[in-house]
Structure formats: C-alpha cells, structure tokens
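Per-entry structural report
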Amino acid sequence: MEVIQFLLNGFSIALQWHNILFVLLGVVIGSGIGALPGLGPMSGVALLMPFTAALTGGLNPEDAAASAIILLAGIYYGAMYGGSISSILLNTPGDAAAVMTTLDGYPMAKQGRAGAALTISAIASFSGGIVSLFGLIFLAKPLSDVALRFGPADYFSLMILGLAAVSGLAGKSMTKALIMTVIGLLMATVGIDKVSGVERFTFGLPEIYNGIEFLTVAVGLFALGEVFKTIFETDITGAAISKIASFYPTKQDMKDSAGTMIRGSLIGFFTGVLPGAGATIASFFSYIVAKKLSKHPEKFGKGAVEGVAAPESANNGAAGGAMIPMLTLGIPGSGTTAILMGALIMYNIQPGPLLFEEHPRVAWGLIASMFVGNFALVLLNVPIVRVFAKLIVTPAKYLIPFIIAISVFGVYTVQLSIFDLLLMTGCGVAAYFLAKNDFPLAPLVLAIVLGPMIENNMRRALTISNGDFMIFLNKPVSAVFLIGGALWLLVPAILKRCKKTSAGCESR
Amino acid sequence: MNKTFDRYASIVLMAFGTMFAWQSTKISASAYGSVVGPNVFPFGLGLILVALSAGLLYGTFRYKQEEREKTPMHYKKFWIIVFSLTLYCVFLEQIGYVIGTFLFLLVGFQAMQRGNVWKSAIIAAVFSFVIYYLYAVLLNGTLPGWPVWFTHWRFDYGSYSVFAQRLQHRAAVA
C-alpha cells in the first residue's frame, strides 16, 4: 500500500492552489491548441514550454519543475482531446491522432449531434486518461525497480532500442528516419563535453558552448515548422462549422459506447507504452477493433457513437501510456514525451528509474495532477467547447503571424539571445522542408534528448570494460535490447523487400 | 518523394558527416580516468551518417520520381514571412520589442492575405503593446524596450531564469 501513500503525497502537491491553476490552464490552452487545425500536442507543448519557465520562475527548483511538468502534461492530454473538436465540427483533424475521429464525428455533427459527439469524445478521453493513469500508478514503481538494476551497458542498449523503435515506425523511409536520428545525436554532442571539459564543434561560437539549446530547437522544429506548413495549406477558409444543439448524449449512446471506451482505453494504453507506436496508431487500431466487434459494423463511418468513442479513448490512453517509459526508464517513446522530458531535464530533473526516489514530489505530483486534469477536461467540456468552436475559424491570416510572434517571444524571453532566435528560424525552415520530403522529425528530437545519456552510458560501459565494445553483447540484458533494436529495424525492411519481390502483393 | 531534394540532401548530409568525423579527429582523444575520450562517439556517428546518406543517394537512383499533384504553391508568402522573421530576429534588440513585433505582424498579415492595412495595423499594435505591457511592465520580465533614440529607454537584466542553469543540468545527466 506504499503506492497509495505516494499517491496521497502526490495529491498534496497537485491540490496546491497554484498547481490546480496550472492544470486548468494546461488543459484549457491544450484543448484550444489541439482544436486549431495544424497545431497538435507536439507543437503545443513546444510552443508553450518557454512560458512555463516564466510562470514558474518564482518557485524553488523542485516545485517549479513539478508545476511546469503539470502544466505541460495538461497541454499534452488537453491537446489530445482538443484534436477531436475540429475533427467533429470541421472535418479537419487538429492532429494526426484525431484523423480517425473525423470518420464518425463529422457525420454525427452533420446529423445535428455535434454536441453529443463532443461529449462522448470528452468522456472517452477521460476514460482513456484514467485507465492509463491506473496503469502508470501500478507499473511505475515495479518498472523503475527493474531499471535500477541496469548497468551503463544495459542502459545504452535500452536507449538504442528506444531510438530504433521510434525510427522504425516513423515516416515512410527508414533510411531517412535513421539519418534524422544520427543528426539528432550529433547535435547533442555540440558544446563542452561534460566528462572531459573539451569543447566540441563549437567553432569558437560562445553561444553554443553550453550545447544547442533544446528549447530553441523544439520551438523551431515543431511550432514554426507546423506554422510554415499551414502557410501552404491555407485554403480552408469558408468551411462551415456545424452547430452545437445539445451537449447531452442519449442513454442509448452511452450504452453503445461504454464497452468501446474501455477497450479503446486499454488498447491505447498498451500501444502508448510501446516505444514508437503512439497515439495515431492506437486510435487507428482501436477504431478497427471497435468496428470488428460491433454488432452493427455498417453504421461505422455514418455517425456511430462507437466510432467517436474508440479513437478518442485510445489516443488519450496512449498519451498516458507514453508517460510510463519516459518517467520510469527515462526513454520517451514519442516526440511529445521527448519534449516533455527535455523540459524536465532543463529543470535539472532527470527522468528515469531514480525519478521516483529522488523527486517523488515531481513524479507523484504529476500523476495526481493528471487525475485533476482529466476531471477538469470532462467538466469544462460543456462551457469551453463553444468558445473553441469560434476559435477554430480564426482566419489563418492572423493565426500564423501570431504563432510566429509567440514563438519569438517565448524563445527570446528564456534565452535572451538573438543567436537563438536565428537558430529557431533556421530550424523552422529546415523542419518544413525536411518534413515535406518525408524526413520525420520525431526521431530527431528523441535523439537530441537521449544523445547525452547515450554517450555517457556508452563511455561508462567502455571504461568498465577497458575499451572493449563486446561488453554490450556480453551482458545478457544489454544483448537482448540490442537484438530487439536490430530486429525492430530489420524486420520491417525484410517484410518490405519480400512484398516487393513477390508478385500479386499490394504495392505498399 | 522528391528525388532532387533527396539527392541534394544526401550530398549535404554526407559532407556534414565527413565534417563531424574529421573534426572529431582533432578533439583530444583521452579523458582523465576514462579509456574512451570525447572523440569516439561523434566520430562513429559521423561515419554512420556518411553511410546512411550514401544509402539514401543510392536509393534515389532506384525509384522513379512520383508524379506530385500540383498544389497551389505559396512560396512567395512563405519566403516573405521567413525573410521578415529573420529581419525581426536580427533587429529585435535594436528597434525594441513593440516596434519590431508590430512591423513583423503587419507584414505577416498582409503577406498572408492582402487586405485592409488599418485593420491589420490595429491588431498588430494591440498585440505587441499588450504582450509588452503584460510581460515587461506587469511581470517585470526582460524584453528589449524602446530603441535608444526613444526618450524612455529601458532594458532590465533583472530576471534570471531556471533555464540559464543548463550547464549543471547537463552534467547531472551523467
């Protein structure tokens, strides 16, 4: 019952008035950002990361970290829910994880049941959030206990596995995903080496002696990159939003979707825990399962409540599930959790097995705040959705320059450096062209966050083994991870080749 | 997939990888108490990057260029915005936050869609003033105020954020 005690301590953090405020702020801003077409959880968290620094400036370091992560996590799952608002009302998904919601959400809205669809989506998100929270509570301690026994070699290999998993699933071309991973790792080496004090790749630029600032790169890649993308897609004006008549789903709706929600939450949670898979795949998978198990599969795509409940419960379940490897192992499984982890590191909090021992206030405070946040999402749904329904038709003409200005403001106020502003701009432009040509960005961020740790563990392992690289294969745990990582990369490649050579198969 | 882009990208990346590998040979190879110096990791990564981009380059010769559907391109808009953003960043400290943001937003709004200049100007002015007032005046944060040739020039270095302590944080990673 140790866990209960920890959780209660967590609540004592989460229920401090300023943290309640942060969590509310997080979910409201998050759902707003999620609702805006083109901005998703990843760009939302990146864009608002600088503001958490400003807001938490007056607190002591540990409390500041707890409050910041509470706010950012609120934005994360808020945005997951918010993505469904534009899916349902506009038939334009706010982010990739909300694509499946358009299939039944928009037809429901056309039948005049937009309000019911939104409420179902909120309840489904709540269910996903709560299920994943219970998973988090009961898995966190055992997992970090296991991870505590890992040596540097095991850790190195585990992180390689994490990178391999994310690269293997991201984007169309694995070569490109791996290139992005390596670039991220290389970017992480810039600056003064923390072990030897030697400067590396700084080219005499004092701005990068401390390394390339993660915050700057994240805002550039995700906030600016997304905005630049929307410049090219701004022909969505004139879309009519569906009217919201009543917010209350019928009893029949609830009955129909209850089972689907539970299943979706579980599917989402387990998919989220796996590195690399994430919310988009979870929502897709959950929708397919719901359709397969339904008594009326023909209703799907024509406004079935289950069709809204399934993907929405799954994507929020995945959001919670993805926190597990990030918090307990220090290995984020997705782009958004990588940014969250980067934020924690900036507060001098190292996620990983020691997090729960060294910073219980941060870890359990975050977990408890997610209860509060998920309740808030359901309760706030009715009053705030109408506002967001107006927000999503903000003309892109104003929205895009605003978001750019906010990015500039955010980065400048934290870094106070023109160099960082230019770096951010450069990252934004690069992100646009890279993403457009199928170079995925998630592996890049992940590699930037994991880079220093991978290198340190590698060097520690090699110091133990006196420079013998076989240590990574001689240690059984490490060997298993490395083989797992290799399989993750090789199996899809082999499958692809088999499909190509065997005639009559699908082209993809 | 865009073959031309991939080809150029792979050449640039190959150069990048070579540069990293070559530069890391210049880094001191030993560190006190450690067999493996700070040069090993980037050197290896540089080589891997060269190999991967060679793979990408090889790949571009193997597939056919897919027909891209022609979408109305907004490159002009894009470059105007990127260019004005760059100017905004470079001159932010000289011209101050309010003026810089106002000009950037005005250009940005007009670049996105030609329209009523006065309406854009009012929105841009309100945004930049409100942000400056809330952050710099009310919260006492640091933003470049007004240019020198304005009468009341102010620039306070007062606040020191958590993020400035990055160096120790990175060390804690180990």
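Residues numbered from 1 in each chain as written. Chains lettered and ligands numbered in written order. Predicted model: local features only at pLDDT ≥ 70, side-chain atom pairs only at ≥ 80, totals over all residues. Heavy atoms only, no water.

**Examining the packing of helix 12 (residues 305–329) of chain A against helix 15 (residues 360–391) of chain A**
The axes of two packed helices give the description: the angle between them and the distance between them. Residue and element names in this part refer to chain A. Contact geometry of helix 12 with helix 15 gives a least axis separation of 13 Å together with a crossing angle of 170 degrees. In terms of their interaxial angle, helix 12 and helix 15 are classed as roughly antiparallel. Contact residues: helix 12 offers Asn316, Gly320, Met323 and Leu327, while helix 15 offers Leu366, Met370 and Asn374. Taken together, the residues of the contact of helix 12 with helix 15 sort by class into 4 nonpolar, 3 polar and no charged. (Axes fitted to C-alpha atoms, helices over the stretch in contact; angles between N-to-C directions. Helix = DSSP H or I, 4+ residues; strand = E, 2+ residues; numbered from the N terminus. Parallel < 35°, antiparallel > 145°, perpendicular 65-115°, else oblique. Contact = heavy atoms within 4.5 Å. Nonpolar A, V, L, I, M, F, W, Y, C, P; charged D, E, K, R; others polar.)

**Section: the UniProt feature "transmembrane region" (unreviewed entry) in chain B**
The sites that carry the UniProt feature "transmembrane region" (unreviewed entry) are, in the present numbering, residues 39–58, 78–111 and 117–135 of chain B. Spanning residues 78–111 of chain B, this segment combines 97% helix with 0% strand, and its end C-alpha atoms are found 9 Å apart. (UniProt positions renumbered as here; feature names shortened; annotations may be inferred.)

**Some words on the pattern of salt bridges**
Residues and elements named next belong to chain A. Under the definition given, this model contains 8 salt bridges over all chains. In this structure, Arg200 and Asp193 form a salt bridge, with 3.7 Å as the shortest nitrogen-oxygen distance. The class of Asp193 is buried, set by a relative accessible area of 4%. A single salt-bridge network, built from bridges that share partners, covers Asp193, Arg200, Glu455 and Arg459. (Salt bridge = Lys/Arg side-chain N within 4 Å of Asp/Glu carboxyl O. Buried < 20%, exposed > 50% of the residue type's maximum accessible area, 1.4 Å probe, protein only.)

**Quick look at the nonpolar core**
Residues and elements named next belong to chain A. By size, the foremost hydrophobic cluster in this structure holds 200 residues, and its most contacted members are Phe228 and Met323. If one sorts the elements of this core by residue count, helix 4 (residues 61–90) sits on top with 18 residues. If we ignore the near neighbours within four places in the chain, the residues touching Met323 are Ala73, Tyr76, Leu136, Thr337, Leu340, Leu366 and Met370. Met100, Tyr287, Ala290 and Phe300 belong to the second largest nonpolar core, which has 6 residues in total. (Core = buried A, V, L, I, M, F, W, Y, C linked by side-chain atoms within 4.5 Å.)

**Let's talk about helix 5 (residues 117–138) of chain B**
A rise of 1.5 Å per residue sets the reference length of helix 5 of chain B, with its 22 residues, at 32 Å; its end C-alpha atoms lie 30 Å apart and thus fit the reference within 8%. In this structure, the buried side of helix 5 of chain B is in contact with helix 3 (41–55) and helix 16 (396–415) of chain A together with helix 4 (97–112) of chain B. Measuring from the side-chain oxygen of the N-cap residue of helix 5 of chain B to the backbone nitrogen of Trp118 of chain B gives 3.0 Å; that N-cap residue is Asn116 of chain B. A positive phi of about 60 degrees marks Asn140 of chain B, the residue just after helix 5 of chain B. (Expected span 1.5 Å × (residues − 1). Polar contact = N/O pair within 3.5 Å; in protein donor to acceptor, adjacent residues only side chain to side chain.)

**A closer look at helix 3 (residues 75–95) of chain B**
Compared with the 30 Å implied by 1.5 Å per residue over 21 residues, the 28 Å span of helix 3 of chain B between its first and last C-alpha is a close match. In helix 3 of chain B, a bend of some 40 degrees at Cys89 of chain B exceeds every other bend along the element. When helix 3 of chain B is considered as a whole, its buried residues turn out to be Lys77, Phe78, Ile81, Val82, Ser84, Leu85, Tyr88, Cys89 and Leu92 of chain B. On its buried side, helix 3 of chain B packs onto helix 9 (214–231), helix 16 and helix 17 (418–436) of chain A together with helix 4 of chain B. Positioned one or two residues after helix 3 of chain B, Gly96 of chain B has a phi angle of 90 degrees, which is positive. (Bend = angle between axes of the 7 residues up to and from the residue.)

**Overview of the state of the cysteines**
Counted according to the given criterion, the structure contains 0 disulfides over all chains. The structure places no disulfide on Cys427 of chain A, whose sulfur is separated from the nearest cysteine sulfur, that of Cys89 of chain B, by 12 Å. Classification of Cys427 of chain A by relative accessible area gives buried; the value is 9%. Exposure remark for Cys89 of chain B: the relative accessible area of 0% places this residue in the buried category. (Disulfide = S-S within 2.5 Å.)

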